[in-house]
Each structure stands twice: as structure tokens, then as C-alpha cells.
Amino acid sequence: MRHILVGNWKNFPNSIQEAETLISTLSKSSRAFKNNKISLFLAPPTPFLDLVNKKAKRFSSLAIQDLPISPIGTYTGEITLDMIKSFGPKVTILGHSERRALGESDEGVSMKARMALKAGMVPIICVGEEVHDHEGNYFQFLSEQIRASLRGVKKEEAKNVILAYEPVWAVGAKSKGSMDGAELAQMVLFIKKVLTEMFSRGVAEKMAIIYGGSVDENNAHSLLKQSRARGLLVGRVSLDAKKFIALAKSLAK
Ligand code: PGA
């Protein structure tokens with residue numbers, strides 16, 4: 001089965017020139033993605049969608065970092081889903097912890113998930129606890145967050161949803177660093193159990209679960225090898241072409 005690899009550029013790089021350099025460096029080593037059975041998705045910020053769509057099509061699919069929900073009408077400063085759809089994104093990240101920190105609610109995430117599915121896009125729904133406490137309260141938190149973020153998604157649509165488990169404490173430069181593979185294995189099983197209760201065993205088996213949070217070229221392989229996670233959602237390292245290519249190559253081992 002192909003690994004899913006998502007590069008979440010967040011609000012980087014700072015200029016179109018830097019974005020061009022990043023894409024052209026990735027492009028030169030694009031065999032690293034193809035040869036290692038990787039389905040690569042790149043999620044640039046909106047101003048770089050056109051560039052990535054045109055220059056990285058050969059080795060990746062386009063993703064967006066959130067779904068715009070502005071209705072068509074006179075709303076200065078807003079963008080609509082139809083505009084974004086014209087770039088042909090296949091996938092949208094939803095409910096990233098950085099968006100949840102800005103006020104995105106579970107209801108908002110589930111509404112966007114249904115909109116994305118209706119528009120023929122795959123939603124990558126991010127979930128994850130803020131604190132990994134010793135009492136295991138995070139299991140309950142996660143179960144509730146998954147149920148609320150997928151509310152209203154029909155059983156027959158659910159197989160097209162990707163769940164990204166991103167413990168908030170492991171995301172970003174100031175975090176504690178990645179979860180280890182053995183613990184991730186447990187969390188993936190737990191998430192599968194929740195999805196089985198929500199939909200069915202058959203549907204839950206078809207839903208890909210990926211991991212994100214301080215993934216790099218040194219831990220990517222063991223995170224996937226030790227768990228049943230189908231792929232990785234990568235922030236910082238996806239902006240460093242050399243490291244991102246090393247990460248892709250490491251998955252083949
Ligand atoms: P990170 O970010 O890899 O920089 O920890 C992951 C994410 O935010 O998706």
C-alpha cells in the first residue's frame with residue numbers, strides 16, 4: 001500500500017521566490033517520492049497554489065490547508081471554494097490544531113468535512129489532545145473530538161476521509177517532540193476502535209489514519225513501521241527540501 005505523505009507549509013515560505021526554489025529542489029529529486037511508493041500531497045498557502053499546481057503536478061497532488069466557506073457575494077477580502085477549486089486541489093486539511101487555536105470548533109470542522117466531500121475532495125481531519133496526561137484522560141477527549149468532528153459524515157462517505165492524529169503537544173518547534181512509534185501504534189488502534197463504533201469495522205479499515213507532530217527524516221520510518229498509521233503529516237521538515245527528500249527516501253528501508 002502507498003504511504004500518504006502530506007507537506008503542510010502553513011504560512012511559509014515568505015516569498016514566491018522561496019516557494020519557487022523549494023519546488024524546483026523537490027522537483028529535481030522527485031524520484032524519491034515516486035520510487036518509494038509515496039502519494040505526496042503539498043499544502044501551500046493560498047498565494048502559492050497556482051505555482052505548486054503548475055510546477056509540482058508531476059510528482060504531487062495539491063492540497064489546501066482549510067476549506068473557505070464564504071458564500072458567493074460581495075464580501076471584500078474573502079475567497080470562495082469555487083475559486084480554490086479552479087486550482088484542482090484533491091485534498092483539504094481541516095481542524096488543524098493551529099486553526100482550532102484560532103477558534104475553529106468541532107462543528108465547524110464537521111460542516112467543512114461534509115462540504116469537502118460534496119465537492120469531491122478528501123478531508124484530512126486533524127484531531128489530537130493537548131496534554132498526554134498519566135491518567136489517560138486523552139482517550140476520552142480524543143473519542144469525543146473524533147465523533148464531533150465527523151458528525152453528519154455518512155457511512156458510505158467515511159471511507160474517503162483521512163484522519164490525522166496530531167497530538168498538540170508534539171506539533172511545532174516549541175513542542176516536546178514526536179510521539180514514539182510504540183505509543184503511536186496504541187493510539188492508532190484506539191482511533192480505529194472509535195471509527196468502528198461510529199461506522200463499521202469494514203469502513204474503519206478503509207479509513208486511513210496518518211500521524212503528524214515533529215516528524216522528520218530520522219523518525220518517519222520507525223513511526224510508520226511500528227504502527228498501523230498509513231502516512232505522515234509533516235510541517236517544518238516539508239519546508240526543507242533536503243530533509244523532506246531524505247524523509248521520503250527513509251520510508252523505503
Ligand atoms: P511539525 O508540524 O511537523 O512542524 O511538528 C506538523 C503539523 O503542524 O501538521
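Please refer to the structure higher up on the page.
In short, a report on the structure. All values derive from a computational prediction rather than experimental measurement.

1. Some remarks on the environment of Val203
Working step 1: As for its placement among the helices and strands, Val203 is situated in helix α10 (residues 201-206).
Working step 2: C-alpha separation for the pair Val203 and Val215, spaced 12 residues apart in sequence, amounts to 27 Å.
Working step 3: Contact partners of Val203, with chain neighbours within four places excluded, come to Lys155, Ala158 and Lys159.

2. Section: the site of the ligand
Working step 1: Neighbouring the ligand are 13 residues, the closest being Lys10, His96, Glu166, Ser214 and Arg236.
Working step 2: Lys10 is positioned with one of its side-chain polar atoms (N or O) 2.7 Å from an oxygen atom of the ligand.
Working step 3: One of the side-chain nitrogen or oxygen atoms of His96 is found 2.6 Å away from an oxygen atom of the ligand.
Working step 4: Here the shell around the ligand is built from residues that sort into four nonpolar, six polar and three charged.

3. Structural notes on the sheet that holds strand β4 (residues 91-94)
Working step 1: Pairing within the closed barrel is parallel, and its eight strands lie in the order β1-β2-β3-β4-β5-β6-β7-β8. Sheet twist, expressed as the mean angle between neighbouring strand axes with direction ignored, is 25°.
Working step 2: Of the strand pairs in this sheet, β4 and strand β5 (residues 122-127) are connected by four bridges, and their pairing is parallel. Counterpart to Leu94 in the pairing with β5 is Ile125.
Working step 3: Contacts from helix α7 (residues 137-149) reach β5 and β6 (162-165) within the one sheet, and its direction differs from that of β5 by about 155°.

4. Describing the environment of Ala246
Working step 1: Examined against the element boundaries, Ala246 turns out to sit in helix α12 (residues 241-250).
Working step 2: Note on Ala246: relative accessible area 32%, which makes it partly exposed.
Working step 3: Through-space distance from the C-alpha of Ala246 to that of Glu217 is 5.7 Å; in sequence the pair is 29 residues apart.

5. Considering the pattern of salt bridges
Working step 1: Tallied over the full model, the rule gives nine salt bridges.
Working step 2: Residue Lys54 pairs with Asp50 through a salt bridge whose shortest N-O separation is 3.0 Å. One end of the pair, Lys54, and the other, Asp50, are both in helix α3 (residues 49-55), four residues apart, so they sit about a helical turn from each other.
Working step 3: The exposure class assigned to Lys54 is exposed, which follows from its relative accessible area of 61%.

6. Points about the packing of α7 against helix α9 (residues 181-198)
Working step 1: Direction vectors running N to C along α7 and α9 enclose 45°, while the axes themselves pass 10 Å from each other. The orientation of α7 with respect to α9, classified from their angle, is oblique. Helix-helix and strand crossings are classified by hand; for α7 and α9 the assignment is right-handed. Together, Tyr138, Phe139, Leu142, Ser143, Ile146 and Arg147 of α7 and Glu183, Gln186, Met187, Phe190, Ile191, Val194, Leu195, Glu197 and Met198 of α9 make up the contact between the two elements.

7. Brief notes about the packing of helix α1 (residues 16-28) against α12
Working step 1: Between α1 and α12, the shortest axis-to-axis distance is 9 Å and the interhelical angle comes to 30°. Here the hand of the crossing between α1 and α12 comes out right-handed. Counting all contacts with α1, which are made through Leu22, Thr25 and Leu26, the residues of α12 involved are Ala241, Phe244 and Ile245.
Working step 2: Tallied by class, residues from the contact of α1 with α12 come to five nonpolar, one polar and no charged.

8. Some thoughts on the packing of aromatic side chains
Working step 1: Evaluated as defined, the whole model comprises five aromatic pairs.
Working step 2: Each ring, one from Phe33 and one from Phe59, has its centre 6.1 Å from the other, and the planes form 10°; the classification is stacked. Note that Phe33 is positioned in helix α2 (residues 31-35) and Phe59 in the loop between α3 and β3 (61-64), a separation of 26 residues in sequence. When sorted by exposure, Phe33 lands in the same class as Phe59, which is buried.
Working step 3: A ring pair is formed by Tyr165 and Tyr211, whose centres lie 6.4 Å apart and whose planes are at 55°; its orientation type is tilted. Of this pair, Tyr165 sits in strand β6 while Tyr211 sits in strand β7 (residues 208-212); the two residues are 46 residues apart in sequence, bridging distant segments of the chain.

What counts and how
- Residues numbered from 1 in each chain as written.
- Predicted model: local features only at pLDDT ≥ 70, side-chain atom pairs only at ≥ 80, totals over all residues.
- Heavy atoms only, no water.
- Helix = DSSP H or I, 4+ residues; strand = E, 2+ residues; numbered from the N terminus.
- Contact = heavy atoms within 4.5 Å.
- Near = heavy atom within 4 Å.
- Polar contact = N/O pair within 3.5 Å; in protein donor to acceptor, adjacent residues only side chain to side chain.
- Nonpolar A, V, L, I, M, F, W, Y, C, P; charged D, E, K, R; others polar.
- Pairing = 2+ DSSP bridges.
- Axes fitted to C-alpha atoms, helices over the stretch in contact; angles between N-to-C directions.
- Buried < 20%, exposed > 50% of the residue type's maximum accessible area, 1.4 Å probe, protein only.
- Salt bridge = Lys/Arg side-chain N within 4 Å of Asp/Glu carboxyl O.
- Parallel < 35°, antiparallel > 145°, perpendicular 65-115°, else oblique.
- Left-handed = near helix turned anticlockwise from the far one by under 90°.
- Phe/Tyr/Trp six-rings, centres within 6.5 Å; stacked < 30°, edge-to-face > 60°.

The quantities given are spatial measurements derived from coordinates; they are silent on function.
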